[in-house]
Every structure is written in C-alpha cells, then in structure tokens.
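# Observations on chain architecture
Read off the chains here:
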Amino acid sequence: MRAVQARRVALAAAVALSAGCAGWRVQQVPPKELLKDRSIEAVRVTRADKSKVEIYNPMIQGDSIVGHPTDRAIARLVMPISQVETIATRYHSVPKTMLAGLAVIGAVGAYALLQSLNQGY
C-alpha cells in the first residue's frame, strides 16, 4: 500500500516538474527591436510606477505593444511603448529543474525508506 502511495507522489511530482523552473530575464534592447522576433511567447513589462504586466503573444502595432493578458485569453491588451520602463522575456532553467527533480526523488526515496523500516515493527 505504501509503495503505491510513493509512486503516486512521484508521478504527481513528475507532472508538476514537467513545466520546468522558469523565470523572467530583463532585456536591454528596446521593445520594438525585441518584438521583431515573433517566437517570443510572453513578455513582462514593468511600468514607471513599478507595476508589472504580463503580455502573451506580444507584437508591435504602431506605438503600442498588443497581446493578451493570459496565454488563453481572447481579450486584447494594448500598452503604449511610452509606458514601458523595462521588458523581460521568460526563460526556462534546466539546472533548477534538475535540482528540484532530484530533491523530489530524494524525498520520495527517504519516505519509502522510512516506511520500509516501520514495516518491521
């Protein structure tokens, strides 16, 4: 019974880690130049008031960044480039993902070991 639970925990952790560890990296190029690359899936814009807005499927139209507020939204989001203080792109960190995976595997292994030691009593 305990082995089944350990497998379920490991499977749930594997599914959770499949997306990987991601973060945002501030870019030093102007938004118009950055968004020429149509493969960018999302950007995080920091405004002058330090508020942050994520824009999915971003593109430049005139003097604005146009996109969507979420990756599944139909509604459009328009932000004038003049409001952009910094712009960041999403990146995936393979080392952080591997470290998190090893931590989960270690925790599941320790749990299974402790459960097997309890079976003797």
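Conventions and cut-offs
- Residues numbered from 1 in each chain as written.
- Predicted model: local features only at pLDDT ≥ 70, side-chain atom pairs only at ≥ 80, totals over all residues.
- Heavy atoms only, no water.
- Helix = DSSP H or I, 4+ residues; strand = E, 2+ residues; numbered from the N terminus.
- Buried < 20%, exposed > 50% of the residue type's maximum accessible area, 1.4 Å probe, protein only.
- Areas by Shrake-Rupley, 256 points an atom, 1.4 Å probe, with all protein chains shown as cover.
- Contact = heavy atoms within 4.5 Å.
- Core = buried A, V, L, I, M, F, W, Y, C linked by side-chain atoms within 4.5 Å.

Turning our eyes to something else, we now look at the overall build of the protein. Across its full length, the protein holds three helices and six strands. Counted from the first residue to the last, the protein has its helices and strands arranged as α-β-α-β-β-β-β-β-α. Burial statistics for the protein: of 121 residues in total, 25% are counted as buried. With the model as given, the accessible surface of the protein reaches about 8,500 Å², and the carbon-plus-sulfur share is 60%.

With respect to the helices and strands, the residue Thr46 is situated in strand E2 (residues 42-47). Judged by its relative accessible area of 12%, Thr46 is buried. Here Thr46 is in contact with Ser51, Lys52, Gln83, Val84, Glu85 and Thr86, once residues within four sequence places are set aside.

Further remarks concern the nonpolar core. Proteins that are soluble and globular tend to have nonpolar side chains buried together. Counting twelve residues, the largest nonpolar core consists of Leu34, Leu35, Ile40, Val43, Val45, Val53, Ile55, Ile65, Met79, Ile81, Val84 and Ile87. Going through the elements one at a time, E2, strand E3 (52-61) and strand E6 (84-93) are the ones with two or more residues in this core. Sequence-distant contacts of Ile40, that is, excluding residues within four places in its chain, are made with Leu34, Leu35, Pro58 and Thr89.

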